[in-house]
Amino acid sequence: MLINLNLNFLVSSCCFMKNPLLFLGLIILCYRVTGQDFTEKKVIPLEFSQGLISAPGSPELYVGQITVSPQFRLGGPLRAGITAGGFYTARRLSGLAGPRIALKVVQLPKLFTAETGNLHVSADYLFGTGGQQLLGGGIHADIAELLILSLSYRRDLHTPANWFQFGIAYHLSRAKIPTDIRSNPVDIR
Amino acid sequence: MKALVIGGGGSKGAFAVGVLKFIHQRVQPLGSFDIYSGTSTGSLIVPLALLGEIDMLEQIYTSTRNEDILNKRSIGRLLTDISIHDATPLLRFIEREITPARAARIMASPKRLYLSGVSLQTQDLVHFATKPTPATDAYRIRTISTIQQLQRAMLASSCQPIYMQPVDVFSDGREQFCDGGVRENTPLQVAVDAGATEIIAISMGPKLGQNVFSTSLFSKATAILGFTIDTFSTDVGQNDYRLPDFIVEVNQYLAAVKTQLLRSGVSPAVVETGFSAATSPVKHMPLVKIDELRPDINLGTDEFGGDGGLNFDPVKMKRMLDLGFEKAKQHFGNPGRGNLIAGSR
């Protein structure tokens, strides 16, 4: 029951994404209004997501997915990388991978001089081992560099179907703050 | 002996540099003090002040940006790291500015230099000194003897705990140090104990009665936590002046009594005998004057240096520097060099 409610929420939340122009317009609007730089040079979020696959004339299928998405800051509010992982649906495990790009759109308010997080949108094009060609993206809330909550929509171009997912991700690797700052060797010239 | 003492405040140090600019132009050369003592941003300023590098200080405090000082991170680092932000860029900045040649001149100078920090292991207030100095009940002295120790002491003194990581100044794995402002924001006492007779002290916060922390009612715990931290810090800053002010009053009182006795016909020998009959508690503290300079407004707002002075914005820093220059002009009037006059105690 709870899962069904969540899936219905996901479907309704992602309806605007069915119109790519509307989605693109939203990204541009957000960027123009509040775009700011990503803080981290490199991130590796490990994401677990679940949702449904909806195709005309077929029952909705549950999909669970685990991916890792190493990304590097390109400069400004953009970062790019790849997504790779696997998913489970219709009692089958499959792999997927492909390029990903993300755009930071909103900086959340600061607390004691520190950022509390950001909202960013992403676009990716993932190729599945079962022939899937998933084109889409999502909106993500990065909470204090600890967790990322995501809503995503992708269109399977190979087998026309819509994938809606909700995900939670953990930053596997972040630039560690050194516990002791080392001095540079003294230049004696 | 004259001392220059500069407190903490991050980018608000631009105010202090504005004061120094006026002092150097109209009061006395910046490098002509006998004792230099600093905390936090004051620790970044006083070594260059000792060298008389006013142009360099002005350039630094009107052009430095956030990324020159900190790798700023998210609040979540409180749960996973040693600090919220990373101060590695600040050490690189210090290493660029305090070159081996400048560091060698500082270390070789006969002038006394004190940079304050607090030990995380013992909670002691520690003054990093370039010359051997006796410790007191109130603080420890750690003598620094190498260029790297000088650079790292400047860094440690500037690293506000929680915001920036503590520093192992001597790289021996025994003791970490953080911003001396935790215990003493404007490090006057070490200058008093070192024999200063006159002190020019610069603090970055307004006097208690002039400070307005908030103009609205609080509704969030985080805001009240910010208020609590700021209140502790303000209290530390106010306390720094109490004992030195009292010493000035005592010395002025003793001098007035002596003068009165002599004018009344008491022989100088009797006066001296009388005053030496009991040990004066201020015998080794001949301080007679403190010139205290502070901004009249709170520079910790977004309009200036932000929370903790952690916002380094060249435009805002230039504004604070101009405020400091004007404050010094108002305080000292327009004296010739070496003639401190107005606003002193």
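Predicted model, so just to flag it, every value in this text is computed and none were measured.

What follows covers the overall build of chain B. Looking only at helices and strands, chain B features 12 helices and eight strands. At 21 Å, chain B has a C-alpha radius of gyration in line with the 20 Å of a compact globule built from 345 residues. With respect to the principal axes defined by its C-alpha atoms, chain B has extents near 75 × 50 × 40 Å. Here chain B holds 345 residues, and 47% of them are scored as buried.

Turning to the overall build of chain A, a few remarks are in order. Across its full length, chain A holds two helices and 10 strands. Tracing chain A from N to C terminus, the helices and strands come up as α-α-β-β-β-β-β-β-β-β-β-β. Taking all 189 residues of chain A together, 34% fall into the buried category. Partitioning the intrachain contacts of chain A with sequence separation of at least 6 by distance along the chain shows that 49% fall at a separation of at least 24.

With that out of the way, let us pick up the pairing of strand E2 (residues 35-39) of chain B. Residues and elements named next belong to chain B. Counting buried residues along E2, five of its five residues qualify, which places the element largely inside the surrounding structure. Neither face of E2 is open: one carries Ile35, Ser37 and Thr39, the other Tyr36 and Gly38, and all of them are buried. Relative to E2, strand E1 (residues 2-6) is paired through four bridges, and the arrangement is parallel. Within E2, the position partnered with Ala3 by the bridge is Ile35. Between the parallel elements E1 and E2, the chain passes through helix H1 (residues 13-27) in a crossover that is right-handed. For E2 and strand E3 (residues 112-119), the ladder comprises five bridges, and the chain directions are parallel. Bridge assignment links Tyr36 to a residue of E3, and that residue is Leu113.

Let's shift gears to the environment of A:Ala141. Residues and elements named next belong to chain A. As for its placement among the helices and strands, Ala141 is situated in strand E8 (residues 133-143). Considering only alpha carbons, one finds Ala141 and Leu108, 33 residues apart in sequence, at a separation of 9.4 Å. Those residues within four positions of Ala141 in sequence are excluded, and the remaining contacts are Gly117, Leu119, Ile148 and Leu149.

What follows is about helix H12 (residues 314-332) of chain B. All names here are of chain B. Counted at 1.5 Å a residue, the expected span for H12 with its 19 residues is 27 Å, and the 27 Å between its end C-alpha atoms agrees. The complete set of buried residues in H12 reads Lys316, Met317, Met320, Leu321, Leu323, Gly324, Phe325, Lys327, Ala328, His331 and Phe332. Among the structural elements, H1, helix H3 (54-60) and strand E8 (289-293) are those in contact with the buried residues of H12. In the segment just after H12, Gly333 is the residue with positive phi, at about 70 degrees.

We now examine the nonpolar core. Among the nonpolar cores identified, the biggest contains 93 residues, and B:Ala49, B:Leu155, B:Ala191 and B:Ile199 are the most heavily contacted of them. If sequence neighbours within four positions are ignored, B:Ala49 has contacts with B:Leu4, B:Leu20, B:Leu30, B:Tyr36 and B:Leu57. Counting nine residues, the second largest nonpolar core, distinct from the first, contains A:Leu52, A:Ile53, A:Phe87 and A:Phe164.

With the exception of glycine, most residues fall at negative phi, and the peptide bonds are largely trans. Residue and element names in this part refer to chain A. Its identity is not glycine, yet Arg91 carries a phi of approximately 60 degrees, on the positive side. Position of Arg91 relative to the elements: it lies in the loop between strand E5 (78-89) and strand E6 (92-107). With 6 C-beta atoms counted inside 10 Å, the residue Arg91 sits in the exposed group. If you check the backbone angles, Glu145 has positive phi at about 60 degrees while not being a glycine. If you trace the backbone, Glu145 turns up in the loop between E8 and strand E9 (147-156).

By the element assignment, B:Ile147 lies in helix H8 (residues 147-158). Here the alpha-carbon distance between B:Ile147 and B:Ile54, two residues 93 residues apart in the chain, equals 21 Å.

What follows is about H8(B). Residue and element names in this part refer to chain B. Taking 1.5 Å of rise per residue, the 12 residues of H8 would be expected to cover 16 Å, and the 17 Å separating its terminal C-alpha atoms lies within 8% of that figure. Burial analysis of H8 places 12 of its 12 residues in the buried class, which makes it a mostly covered element. Within the sequence span of H8, burial applies to Ile147, Gln148, Gln149, Leu150, Gln151, Arg152, Ala153, Met154, Leu155, Ala156, Ser157 and Ser158.

Further remarks concern the confidence of the model for chain A. In the predicted model, chain A carries a mean pLDDT of 84, and the fraction of residues at 70 or more is 79%. Across residues 1-17 of chain A the pLDDT falls below 50, and counting only partners more than four positions away or on other chains, this stretch makes 16 contacts in the model.

Take the environment of B:Asp81 next. Residue and element names in this part refer to chain B. Relative to the elements of secondary structure, Asp81 occurs in the loop between helix H5 (77-80) and helix H6 (88-97). Judged by C-beta crowding, with 20 C-beta atoms within 10 Å, Asp81 ranks as buried. Note: C-alpha distance between Asp81 and Ile162 (81 residues apart in sequence) is 9.7 Å.

Once that is clear, we can look at the pairing of strand E3 (residues 61-68) of chain A. Residues and elements named next belong to chain A. Summarising the sheet, strand E2 (residues 45-54) and E3 pair through eight bridges and their orientation is antiparallel. Each bridged residue has a counterpart across the sheet, and for Leu46 the counterpart in E3 is Val68. A loop of six residues connects E2 with E3, the two strands running antiparallel in sequence, and Gly57 in this loop sits at a positive phi of about 80 degrees.

Definitions and limits used
Residues numbered from 1 in each chain as written. Chains lettered and ligands numbered in written order. Predicted model: local features only at pLDDT ≥ 70, side-chain atom pairs only at ≥ 80, totals over all residues. Helix = DSSP H or I, 4+ residues; strand = E, 2+ residues; numbered from the N terminus. Rg over C-alpha atoms; globule rule 2.2 N^0.38 Å. Buried ≥ 20, exposed ≤ 12 C-beta atoms within 10 Å, placed from the backbone. Contact = placed C-beta atoms within 7 Å. Pairing = 2+ DSSP bridges. Right-handed = clockwise from strand over helix to strand, strands pointing away. Expected span 1.5 Å × (residues − 1). Core = buried A, V, L, I, M, F, W, Y, C linked by C-beta atoms within 7 Å. pLDDT = per-residue confidence, 0-100.

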